[in-house]
Each structure stands twice: as structure tokens, then as C-alpha cells.
Amino acid sequence: MSNATGPLGPIDRRGFMRVMGAAGSALGLSAAVAACGSSSSNSSASGGGGGSGGGWSSITELSAESGPDFIGAPIYIAQALDYFRDEGLTVTTQYPGSTPKTVQLMLVGRGQVALPDPAAIISAASRGQRIKSLWTYGKGSFFGFAVIDRSPIQQWDRASIDGATIGISDASGGEVPLLRGALSMIGLAEGDGVTLQPVGGGTAEAADALESGKVDVVAGSYPDFYSLQARGVRLRLITPTEIEQFPRNSVAVKASDYDEHREDLTGYTRALTKAMVFMRANPRATAQLVKRYAPENTDGIDVPTIATVLLGRLLIPGLDSYFDRGSPDFHKVGMQDSAGWDTYMRFLVEGGVESDGIKLNREVPVNEIVDNGLIDAANDFDYAEIEREAKAYRAT
């Protein structure tokens, strides 16, 4: 199988098509846990998953992904290396199918933590929900805009985008709030010079829509873009620099649960932090774990592709500041940039962005949402020990 090489770099076609699972439908709330060989059973938050106020010993997390894939690498590491168990926790994963649903279900007690894009958290807070973001997966947004390599569109500005049809995954896709804000930034809006067309995220339909000219631009996640290149579509990014710097997915909880279950949340974020240190120290072993825990979406993909492209270009670079001795975030994995959140919030509110049909028209003090109070405790372990463990680890 030949590689598809484009502006985003060389990609193993078969591997990316499988790892993204683009053709698969979103899993329901009863989806199996992302665990080795499906050996761990799914646990409802109203039962074994533990509800709020019940003295958690288990946590149900609600993923923004449609099913197990490489984005869940830190979870797989924490499961395989017993980082959760070391904290006295049992963690299970459910896949509601969209980032807004993760927050909605968490707020009604169907899970203890949600792992959404910040827009969903901001939306909930603007409606008066008491919600906290505790820990982030790294720096830099996962979302952006791309065009086919031969497109006359060279940049994201009014002259280039006016009259364009923009492909989106679906109406509730995580990229949609950001897209609407980006349109407002250049004086455009859906239905007023721009058409939004659902084409799926990195799917064959999206590839055909770009190749045939049915859509001029595609808005989506960077994994979507790699999936499109795996289908032979040569892409060029036109994401504005300021948008690339927006915050990425984080751990969100109800404010009341943060107050009542601080010990369990500290253990949960510490386990994830150890997993991030492991991932950075040994991407290859992490890639092997990704194949084990997400077998359907990695069938046929080789370990080097997962390690060097999916992890090496998308996840690991977002951790760089945490390992830079000159950075104020040194050894503070999960530290959130409050200023970045504030910029993103103003971007969404000033753009009149809608989330779930409700316009975001009220800014909320960032310190009511973003809380870095667990970061020091989450990083309170021996980094060198985890790095040694990672380098010696051999996945079976």
C-alpha cells in the first residue's frame, strides 16, 4: 500500500483509514469500556459507576470520541500500568457520540467526569451550570480548517471564504462552535454568504465532497484531516494562528463533585499525568497499547505509524511546555492556560456562537470554570521513575 503524501506529511493510507474509524457509527451510552480485549465491563453511573455524593471508588468518564481510538492513549496507559488502581480507582469509559453530550450527561449524573472541548464547558457555564475544568490533555486546539491542495483559497479571510460551502462532520460536531466563531471573526455567518454541509469527519463522503468541489473548505479535527489524506486527498491547512492556540479537551466535573470528591479526582488526574509522562517517554509502547485497547480502529495499522504520526504529531507536541525547564509549566502536566480560555470565550461570545441551539451571549469569569487547584498534587510523583518504567516496558 502506497503512502499519501501531502502538506500534512506522509501518511500510511490503510492505517489511518482504520485508526480513525471514520465509517463507524457513534457508539451509544452502553458502549463497551475501552479496555484490553473488552475484558472490563461497562459500568453505569447510576450503579457500579457511582453517582455524585456516594463516596466514589469508581469513575465513569464520558469521552467526546465516537469510540476507542488513539486519542484515548493516556487512558489505556493508566489502565495497563495500573495507575488508576494505584489510586484506589476503577475507571470505565462511555462514548455518548458528541462533545456536547458528554457535558449534558455528566451534569445529570450519568458519569462523574466528561472529556469535552472547552466550548461545551463554556456553553454550560453560560447557562448557569456550575461546572469546573480541572486538567487538560495539552496545549493547542485539535480543530482547524483545510482545503484541497489545488484550491485557490490560500487563507482564512473574508475575500477567500465568502460564498464558500464548508464541510462539517455533523451539526453537533466539536468543530462547529469554533467554525462559527471563526466566520464571525471575518464578518461572515452561516446562511449569509456561507453554507455549512455535513459530510462526516474524515469519511469517504468528505473526501468525495472535497475532490468533486461540493465543498470548498473542510472544518474538523486534525485526526479528520489525516484520515482524509489517508484516502488520497492532498490537503493544505488554512487555520489562523490564533485559533491553533485555543485550549484543547479537558477533564470537566460538576462543581459540587469537585468539592465533595477531591481525593478521587486528584487520584484520577494523577493517573492521567503519569500516563502522559509515560507516553512521551515511550511512544512505541504507547502505540502498542493503543492497538490493544482500540483493536477495531487500529486493525491493519502498524505501530510505527501510530507512534510517529498520530502520537508524535498530534498528542505529544502539546506536552512540550510541561517538559521545558524554562517554562512556568515545567512538570505541571495538565496545567490550563486561563488566559487562553478567556480568549476563546470572548471569541465564542463575540461571534454569537450557538451551542445546542442556544446563543452564547454571556461571558463567565474564567476563574469560575478553570481550576488548576489539583495540578500540583497530580504531578506529585517521581517523573524519572515513570520514565524508567516507560522505557523498560514491553507491551504483550
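Above this text you will find the structure in question.
Residues numbered from 1 in each chain as written. Predicted model: local features only at pLDDT ≥ 70, side-chain atom pairs only at ≥ 80, totals over all residues. Heavy atoms only, no water.

## Concerning the packing of helix H13 (residues 283-293) against helix H15 (residues 303-315)
Direction vectors running N to C along H13 and H15 enclose 110°, while the axes themselves pass 8 Å from each other. When the interaxial angle is binned, H13 and H15 end up roughly perpendicular. Residues Pro 283, Arg 284, Thr 286, Ala 287, Gln 288, Val 290 and Lys 291 of H13 lie in contact with H15, whose contacting residues are Val 303, Pro 304, Ile 306, Ala 307 and Leu 311. (Axes fitted to C-alpha atoms, helices over the stretch in contact; angles between N-to-C directions. Helix = DSSP H or I, 4+ residues; strand = E, 2+ residues; numbered from the N terminus. Parallel < 35°, antiparallel > 145°, perpendicular 65-115°, else oblique. Contact = heavy atoms within 4.5 Å.)

## Notes on empty space enclosed by the protein
On inspection of all chains with the given rule, the structure shows three cavities of 30 Å³ or more. Each pocket or cavity is described by its volume, and for the largest cavity that value is around 170 Å³. Lining the largest cavity are 18 residues, and of these Ser 63, Glu 65, Ile 71, Gly 72 and Leu 115 sit closest to its centre. Residue composition of the lining of the largest cavity, by class: ten nonpolar, five polar and three charged. As a volume, the second largest cavity reaches approximately 40 Å³. Every residue along the wall of the second largest cavity is listed here: Ser 169, Gly 200, Gly 201, Gly 202, Val 218, Ala 219, Gly 220, Asp 224, Phe 225 and Leu 228. In terms of residue class, the lining of the second largest cavity is made up of four nonpolar, five polar and one charged. (1 Å grid on protein atoms, 1.4 Å probe; cavity = no way out; pocket = protein on both sides within 12 Å on 5 of 7 lines; lining within 4 Å. Points joined across faces, edges and corners; volume = space filled by probe spheres on them. Nonpolar A, V, L, I, M, F, W, Y, C, P; charged D, E, K, R; others polar.)

## Here's the deal with a negative patch on the surface
Together, Asp 86, Asp 382, Glu 385 and Glu 389 make up a region of like negative charge exposed at the surface. Secondary-structure assignment places Glu 389 in helix H18 (residues 383-392). (Patch = residues over 30% accessible without salt bridge, like charges linked within 9 Å, V, L, I, M, F, W, Y side chains within 5 Å. Areas by Shrake-Rupley, 256 points an atom, 1.4 Å probe, with all protein chains shown as cover. Salt bridge = Lys/Arg side-chain N within 4 Å of Asp/Glu carboxyl O. Lys, Arg positive; Asp, Glu negative; His and termini not counted. Charge placed at Lys NZ, Arg CZ, Asp CG, Glu CD.)

## As for the sheet that holds strand S11 (residues 217-221)
Judged by pairing direction, the sheet is mixed, and its six strands sit side by side in the order S9-S10-S8-S11-S7-S12 without closing on themselves. Two strands bound the open sheet, and with one partner strand each, they are strand S9 (189-190) and strand S12 (235-237). With respect to the sheet, helix H9 (residues 222-230) is in contact with strand S7 (143-148), S11 and S12, its orientation differing from that of S11 by roughly 120°. (Pairing = 2+ DSSP bridges.)

## Quick word on unusual backbone geometry
Residue Asp 82 is not a glycine yet carries a positive backbone phi of 65°. Topologically, Asp 82 is positioned in the loop between helix H2 (73-80) and helix H3 (83-86).

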